[in-house]
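# Residue-level structural notes
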Amino acid sequence: NAIKFTEQGEVVVRAGMAVPPVVAGLVIGILFWRTGPFGGADLLYTPSAMILAQALLAFPIAATLAATAIDAVPGSLARQIVALGATRVQLFVTLVVEARRALIVAAFAALARALTEVGASIIVGGNILGTLFSCSLVAYAFARLRFRGRELLFNVLIVSMLIPWQTLIIPQ
């Protein structure tokens, strides 16, 4: 195994994949509230707080899937590379190249989690019309708008989301 978590670290990271968005928002909110430990940073209700909350949600997925991807590379390959005199950097680059497709999937999964969860964003970033929006809030606002051609535009957007773009950019 190329990536090693301690047993407790692995449990924490894997459990993080099941953290509800509202809980992540509350944790960030409590930490950055004026009376919280990092209240002096004045980050609450800013885009930076939203990014931090989304990163808290996405990191466990990215870390777990990336570790699994690297671990799926045959150990014999890593031993052979080391036996040929490769440096740690060369070994790392080779493992990443061998696991590239699974690492791309890990990145897309983490991005999907960050973009689709709205609970944490609302708690730490608020929902201030015209200032702070997440993708989910924009979709909700779009659904409430009334203008000519809205249904057609909405259908085009939905169909475009159904196309698995990652299959178009990953060479076979």
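Up top you'll find the structure we're talking about.
How each quantity is defined
Residues numbered from 1 in each chain as written. Predicted model: local features only at pLDDT ≥ 70, side-chain atom pairs only at ≥ 80, totals over all residues. Heavy atoms only, no water. Helix = DSSP H or I, 4+ residues; strand = E, 2+ residues; numbered from the N terminus. Contact = heavy atoms within 4.5 Å. Areas by Shrake-Rupley, 256 points an atom, 1.4 Å probe, with all protein chains shown as cover. Phe/Tyr/Trp six-rings, centres within 6.5 Å; stacked < 30°, edge-to-face > 60°. Buried < 20%, exposed > 50% of the residue type's maximum accessible area, 1.4 Å probe, protein only. Core = buried A, V, L, I, M, F, W, Y, C linked by side-chain atoms within 4.5 Å. Axes fitted to C-alpha atoms, helices over the stretch in contact; angles between N-to-C directions. Parallel < 35°, antiparallel > 145°, perpendicular 65-115°, else oblique. Left-handed = near helix turned anticlockwise from the far one by under 90°. Nonpolar A, V, L, I, M, F, W, Y, C, P; charged D, E, K, R; others polar.

## Some remarks on the overall build of the protein chain
Secondary structure summary: the protein chain contains 10 helices and 0 strands in total. If you list the helices and strands of the protein chain from N to C, you get α-α-α-α-α-α-α-α-α-α. Expressed as a percentage of contacts within the protein chain between residues at least 6 apart in sequence, the contacts between residues at least 24 apart total 67%. Here the protein chain displays about 11600 Å² of accessible surface, and carbon together with sulfur accounts for 70% of that area.

## Brief notes about the packing of aromatic side chains
Within the structure shown, the criterion is met by 1 aromatic pair. Summarising the aromatic geometry, the rings of Phe32 and Phe38 are spaced 5.6 Å apart at their centres and angled 35° between planes, so their arrangement reads as tilted. Since its relative accessible area comes to 11%, Phe32 is described here as buried. For Phe38, a relative accessible area of 45% puts it in the partly exposed group.

## Notes on the nonpolar core
Where a protein is soluble and globular, its nonpolar side chains tend to be buried together. Listed in full, the 10 residues of the largest apolar core are Ala24, Ile28, Phe32, Leu44, Ala49, Met50, Ala53, Leu57, Ala120 and Val124. Taken together, the elements giving at least two residues each to this core come down to α2 (21-32), α3 (47-71) and α7 (119-125). The leading source of residues in this core is α3, at 4 residues. Ranked by size, the runner-up nonpolar core spans 8 residues in total, among them Val73, Ala78, Ile81 and Ala99.

## Digging into the packing of α3 against helix α6 (residues 100-116)
In the contact formed by α3 and α6, the axes pass within 8 Å of each other and the chain directions differ by 165°. In terms of their interaxial angle, α3 and α6 are classed as roughly antiparallel. Note that α3 runs across α6; the crossing there is right-handed. Of the residues in α6, those touching α3 at Gln54, Leu57, Ala58, Ile61, Ala62, Leu65, Ala66, Ala69 and Ile70 are Ala102, Leu103, Ala106, Ala109, Ala110, Arg113 and Ala114. A per-class count over the contact of α3 with α6 returns 14 nonpolar, 1 polar and 1 charged.

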